[in-house]
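# Report on the structure
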Amino acid sequence: MNNLQKRILTSITIFPLSIFFVFQGGYLLLSFLLTIFFIANYELFSVFKKNSNILFLDLVLILALFSIYYLAENTLWLLLWIIILVICSDSGGYVFGKIFKWKKLTKISPNKTLSGVLGSFIFSLLSVFIIQIIIENLQAVPKNNFLEPEFFFLAVFFSLVAQAGDLTISYFKRLEKIKDTGKILPGHGGIFDRIDGLMFVVIVTFVFYKLHFIP
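Definitions and limits used
Residues numbered from 1 in each chain as written. Predicted model: local features only at pLDDT ≥ 70, side-chain atom pairs only at ≥ 80, totals over all residues. Heavy atoms only, no water. Helix = DSSP H or I, 4+ residues; strand = E, 2+ residues; numbered from the N terminus. Buried < 20%, exposed > 50% of the residue type's maximum accessible area, 1.4 Å probe, protein only. Contact = heavy atoms within 4.5 Å. Areas by Shrake-Rupley, 256 points an atom, 1.4 Å probe, with all protein chains shown as cover. Core = buried A, V, L, I, M, F, W, Y, C linked by side-chain atoms within 4.5 Å. Expected span 1.5 Å × (residues − 1). Salt bridge = Lys/Arg side-chain N within 4 Å of Asp/Glu carboxyl O. Axes fitted to C-alpha atoms, helices over the stretch in contact; angles between N-to-C directions. Parallel < 35°, antiparallel > 145°, perpendicular 65-115°, else oblique. Left-handed = near helix turned anticlockwise from the far one by under 90°. Nonpolar A, V, L, I, M, F, W, Y, C, P; charged D, E, K, R; others polar. Bend = angle between axes of the 7 residues up to and from the residue. Patch = residues over 30% accessible without salt bridge, like charges linked within 9 Å, V, L, I, M, F, W, Y side chains within 5 Å.

We now examine the overall build of the protein. Per the secondary structure count, the protein includes seven helices and zero strands. Going from the N terminus to the C terminus, the protein shows its helices and strands as α-α-α-α-α-α-α. Residues counted as buried form 46% of the 215 residues belonging to the protein. Here the analysis covers contacts within the protein between residues at least 6 apart in sequence; of these, 71% occur between residues at least 24 apart. If you sum the accessible surface of the protein, you get close to 11700 Å²; carbon and sulfur atoms cover 69% of it.

Listed below in structure tokens is the structure:
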């Protein structure tokens, strides 16, 4: 089985599982997030040597997990959109990067290309339509109308945050001369390799929500 097949099978497994706990909320979601926290910390202390790097990444992780729990309890559909958006952004970067082999973006992450950045932006816009279709099919009544223009601007901005988060984690891995933070997720690596962009996006979303930048 090649790496792409492993990535697809892993994603098919962990996405529904994650969404299940997000929708359940309460103690079930809290237990799920604590499990992620302990596994991620095992990775951190196993592969990272510098205490300053461990402290920074652990702080980001804690803030991200808190943000996920808060958003799930207060604005569930916004959180679901964010998760879908990050997946779309990652997928767009991967697809466009493979098809259009443009100039390399940075030495921090050699696989990142300018075409991948463009693909991430384009695919992130699709997330707006996807969440709206899900809401309409489930006949849900969320606080937000995701087809408002502001969400298209937010989609591009959050995609930028996700890509910056990805590069940030890649930078710390490069400092430690490692490729992946773990092996628990076949085709992806470790917890940090899978949620690198999501961590930063949910933190920014939490701040925007508290500041009423997002209804």
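Moving on, we get to the nonpolar core. Counting residues in each nonpolar core, the largest one holds 54 residues, and the members touching the most others are Trp 81, Phe 146, Phe 158 and Met 199. Of all the elements in the fold, those that place two or more residues in this core are helix H1 (3-24), helix H2 (26-47), helix H3 (51-74), helix H4 (76-99), helix H5 (114-138), helix H6 (149-175) and helix H7 (191-210). In contact with Phe 146, not counting residues within four places along its chain, are Trp 77, Leu 78, Trp 81, Val 128, Ile 131, Gln 132, Ile 135, Phe 151 and Phe 152.

So, on to H3. Its 24 residues place the ends of H3 34 Å apart at the C-alpha level, agreeing with the 34 Å of an ideal helix rising 1.5 Å per residue. Those residues of H3 not exposed but buried are Asn 53, Ile 54, Leu 57, Asp 58, Val 60, Leu 61, Ala 64, Leu 65, Ser 67, Ile 68, Leu 71 and Ala 72.

The next thing to look at is the pattern of salt bridges. The final tally for this structure, using the stated rule, is one salt bridge. Its salt-bridge partner being Arg 194, residue Asp 90 comes within 2.9 Å of it at the nearest N-O pair. Linking Asp 90 in helix H4 with Arg 194 in helix H7, this pair joins segments that are 104 residues apart in sequence.

What follows is about the packing of H5 against H6. Between H5 and H6, whose axes approach to 8 Å, the crossing angle comes to 135°. When the axis of H5 is compared with that of H6, the two are oblique. Regarding H5 and H6, the two cross each other, and that crossing is right-handed. Side by side, H5 and H6 meet where Val 117, Ser 120, Phe 121, Ser 124, Leu 125, Val 128 and Phe 129 of the first sit next to Phe 151, Phe 152, Ala 155, Val 156, Ser 159, Leu 160 and Gln 163 of the second. Grouping the amino acids of the contact of H5 with H6 by side-chain chemistry returns ten nonpolar, four polar and no charged.

In this model H7 runs 27 Å from its N-terminal to its C-terminal C-alpha over 20 residues, within 8% of the 28 Å that 1.5 Å per residue would give. Within H7, the axis deviates most sharply at Gly 197, by approximately 40°. When you tally the buried positions in H7, you get 17 out of 20 residues, the bulk of the element. Of the residues one or two after H7, His 212 is the one with positive phi, at around 65°.

Glancing now at the side chain of Thr 205. Within the element layout of this structure, Thr 205 appears in helix H7. Look past the residues within four positions of Thr 205 in its chain and what remains in contact with it is Leu 71, Leu 78, Ile 82, Phe 158 and Ile 214.

The next subject is a nonpolar patch on the surface. Nonpolar side chains collect at one region of the surface, where Leu 126, Phe 129, Ile 130, Ile 133 and Leu 147 lie side by side and expose about 420 Å² of accessible area between them. With respect to the element layout, Ile 130 can be found in helix H5. The class for Ile 130 is partly exposed, based on a relative accessible area of 33%.

For the rest of this paragraph, the subject is the packing of H4 against H7. Their axes nearest at 10 Å, the elements H4 and H7 cross at an angle of 140°. H4 and H7 meet at a crossing whose hand is right-handed. Two secondary-structure elements touch here, H4 through Leu 78, Leu 79, Ile 82, Ile 83, Val 86 and Asp 90 and H7 through Arg 194, Gly 197, Leu 198, Val 201, Val 202, Thr 205 and Tyr 209. Each residue belonging to the contact of H4 with H7 can be placed in one class, and the counts come to nine nonpolar, two polar and two charged.

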